[in-house]
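# Working through the structure, step by step
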Amino acid sequence: MMEKQMIAESFELGPIRPPSEAHSLLIRVTRNCPWNRCKFCHIYKGKKFELRSVEEIKQEILTVKAIQDKLKEVSWKSGYGGRVEAVAGAILNNPPNEAFFDVALWLYYGGTSAFLQDANTLIMRTNELVEVIRFLKKTLPSITRITSYGRSKTAAKKKPEELKQLHQAGLSRLHIGLESGYDPLLQYMDKGVTAADHIVGGRKIVASGISLCEYVVLGLGGKKMWREHAIETARVLNQIDPDFIRVRTLTIKQGMPLYDEVKNGNFVRATDEEVVDEEKLFIEHLDCHSYFVSDHITNLLQEIEGQLPQDKEKMLASIARFQSLSPEERHNFRVGRRVGIYDQLDDLSNSRKHNTVEHAIQKLSNDGSQLDEETIYALMERFI
Ligand code: SF4
């Protein structure tokens, strides 16, 4: 009976959120991406961008509230005194629909954070977005942190007062896909943004008080532009000085225009080891006060993390440690990361894990020889 009632309550969800928003309540305020042309992105290809009306979004926030109330009621009836965490945990094992899962996960982790989907929430009219944020906070008062994706170009077009208004209403953080600071690469990838746009948009966000997280794609320059990509991206970030810099490594899937560029030979991918050279050059050129994070599954060296500038040497030491390994150990580590056995370089000294990776190499190559780059790319892309 309860399950039938629950199934009736649902709301729309978009396809993605940043890794750091895994426990945030997802509220879809726009659909898809208004730009949708980046060659390295397949998420919204073939889907039309749509604004949603404030009324429609408010209705969905009220649905979240109704689900939350229902979970509270079940909690009282089950002897948990209205605490929803225990009930939310049970729902996570067998959710009646995706919306329930979203709400249960959010409540299970404290119910304090919300992420507004999809690709560029800043494109909404500022007064409408302010209204949505205020309504969200009023309806679900446990939420103290609201974040979203935005494009630099859109941020650059907003008046400084508009961004301040959004911050005052409760927008805590914006996640921006900087990807690169090198103009010829931004142009080749059809990002629709220049390095100058990135700087103007990023600086405006920082000045407004909204926390800023800039995403960089390691390997985006391929074999041809990796040096310029590393140096120019650092230059642009130094001028923005965002709160966070997050890196992820280029993955190429069917459905991305870049997939065809690789097939026809116009784009030649960098190997893992070349991407490590690029990351070293990138970090060496950073001169800012950001917190650097590598928490994406695609990154070979996820342990590169720290507060700049003081942790720069520690971060570079992780790279030097990888580069000083023998070729066999570097290969073992790469495969171990790509099949999900290793998390960090220390795992190499775990003999059980090391042997498991050796067996995986034997199995994948048939004769124990080193795996080729294509096989390693394919292993990495299984996660995406
Ligand atoms: S702006 Fe973002 S979501 Fe849109 S196509 Fe580019 S990378 Fe994808």
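In what follows, the structure referred to is the one given above.
Turning next to the environment of histidine 354. Summarising the element assignment, histidine 354 is placed in helix α15 (residues 351-365). Distance in space between the C-alpha atoms of histidine 354 and isoleucine 341 is 8.7 Å, their sequence separation being 13 residues. Apart from residues lying up to four places away in sequence, histidine 354 is in contact with Glu329, Asn332, Tyr342 and Leu348.

In the neighbourhood of the ligand, the contacting residues comprise Cys33, Asn36, Arg37, Cys38, Phe40, Cys41, Tyr44, Ala119, Arg151 and Lys191. Its residues assigned to classes, the shell around the ligand comprises 6 nonpolar, 1 polar and 3 charged.

On to the sheet that holds strand β9 (residues 291-293). With respect to topology, 8 strands assemble into an open sheet ordered β1-β4-β5-β6-β7-β8-β9-β10, the strand pairing being mixed. The two strands at the open ends of the sheet, each matched to only one other strand, are β1 (25-28) and β10 (306-307). Two strands pair when backbone bridges link them, and strand β6 (residues 171-179) and strand β7 (residues 211-218) are joined in this way by 6 bridges, in the parallel orientation. The partner of leucine 174 across the bridge, within β7, is leucine 212.

Applying the stated rule across the entire model yields 30 salt bridges. Where lysine 65 meets aspartate 69, a salt bridge forms, and the shortest distance between an N and an O atom there is 3.1 Å. Of the two residues, lysine 65 and aspartate 69 both sit in helix α2 (residues 54-77), 4 residues apart, roughly one turn of that helix. Residue lysine 65 is classed as partly exposed on the basis of its relative accessible area, which comes to 27%. Take aspartate 69: its relative accessible area is 32%, and that puts it in the partly exposed class. Where arginine 334 meets aspartate 272, a salt bridge forms, and the shortest distance between an N and an O atom there is 3.1 Å. A residue pair is termed long-range when its members are at least 10 positions apart, and arginine 334 in helix α14 (residues 327-338) and aspartate 272 in helix α12 (residues 272-285) qualify at 62 residues. The class for arginine 334 is buried, based on a relative accessible area of 5%. Salt bridges sharing common partners tie together Glu12, Arg28, Arg31, Lys48, Glu50, Arg52, Glu56, Glu60 and Asp118.

Calculation criteria
Residues numbered from 1 in each chain as written. Predicted model: local features only at pLDDT ≥ 70, side-chain atom pairs only at ≥ 80, totals over all residues. Heavy atoms only, no water. Helix = DSSP H or I, 4+ residues; strand = E, 2+ residues; numbered from the N terminus. Contact = heavy atoms within 4.5 Å. Near = heavy atom within 4 Å. Nonpolar A, V, L, I, M, F, W, Y, C, P; charged D, E, K, R; others polar. Pairing = 2+ DSSP bridges. Salt bridge = Lys/Arg side-chain N within 4 Å of Asp/Glu carboxyl O. Buried < 20%, exposed > 50% of the residue type's maximum accessible area, 1.4 Å probe, protein only.

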